[in-house]
Amino acid sequence: AEVDRKAVITDAELKAYYDKNPARFQIKEAFAIQTITIIPPDKATPEQLKEARKRAEDVLKLAKAAKTYEQFGLLAEKYSDDDYRVMMGDHKNLARESLPPQIVQAALTLKPDQCSDLLQLGNAYTIIKVSKHTLAGKQSFAGIKAELRKRMQAMKLEQVRSALNKKLHEKAKIEEL
């Protein structure tokens, strides 16, 4: 009870920490995307490259018709050749600088839930669907307040518990029988 009572974090403490540590609450521009990627075999012949392009164009028609996350994801599971196919093509949130320029350029022109045209990256053909575009900026205090309180409370709880443990060890009398 003593530990819990001393580990309470007030709104003023939260706000002070938020104001003193602005860099911790900066977010980078990011895109949450799903992809379908058609990859021709290594050292592909011109015929195999042509076949991969044809397959990608066929999948593009299906992807354009997909209206939901799940529909696009099922297409990714069925047709995509990359490792993200097992996650419905979902790449979650990717920082802008970690993406190839062609993907960024396409993602900037798309609205959420829109599907790109065919993008060629090397020999691979990729179709992207933008789920969310997050602009760079600072997280709002209201948006992170609950999570920040939880994190700070856990840290303070551990500090108070550790101090109490140390105090008890200093005052403890140990008898050997």
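Residues numbered from 1 in each chain as written. Predicted model: local features only at pLDDT ≥ 70, side-chain atom pairs only at ≥ 80, totals over all residues. Heavy atoms only, no water.

Draft legend 1. Examining the packing of helix H3 (residues 46-65) against helix H4 (residues 69-79) more closely. With their axes 9 Å apart at the nearest point, H3 and H4 run at an angle of 160° to one another. When the interaxial angle is binned, H3 and H4 end up roughly antiparallel. Two packed elements cross with a definite hand, and for H3 against H4 that hand is right-handed. Between H3 and H4, the residues in contact are Arg-55, Val-59, Leu-62, Ala-63 and Ala-65 and Gln-71, Phe-72, Leu-75 and Tyr-79, respectively. Here the contact of H3 with H4 is composed, by residue class, of seven nonpolar, one polar and one charged. (Axes fitted to C-alpha atoms, helices over the stretch in contact; angles between N-to-C directions. Helix = DSSP H or I, 4+ residues; strand = E, 2+ residues; numbered from the N terminus. Parallel < 35°, antiparallel > 145°, perpendicular 65-115°, else oblique. Left-handed = near helix turned anticlockwise from the far one by under 90°. Contact = heavy atoms within 4.5 Å. Nonpolar A, V, L, I, M, F, W, Y, C, P; charged D, E, K, R; others polar.)

Draft legend 2. Structural detail: a nonpolar patch on the surface. On the surface, Tyr-84, Val-86 and Met-87 cluster together to form a nonpolar patch covering roughly 290 Å² of accessible area. Looking at the element boundaries, Met-87 is found in the loop between H4 and strand E3 (90-95). Relative accessible area serves as the criterion here: at 44%, Met-87 is assigned to the partly exposed category. (Patch = residues over 30% accessible without salt bridge, like charges linked within 9 Å, V, L, I, M, F, W, Y side chains within 5 Å. Areas by Shrake-Rupley, 256 points an atom, 1.4 Å probe, with all protein chains shown as cover. Salt bridge = Lys/Arg side-chain N within 4 Å of Asp/Glu carboxyl O. Buried < 20%, exposed > 50% of the residue type's maximum accessible area, 1.4 Å probe, protein only.)

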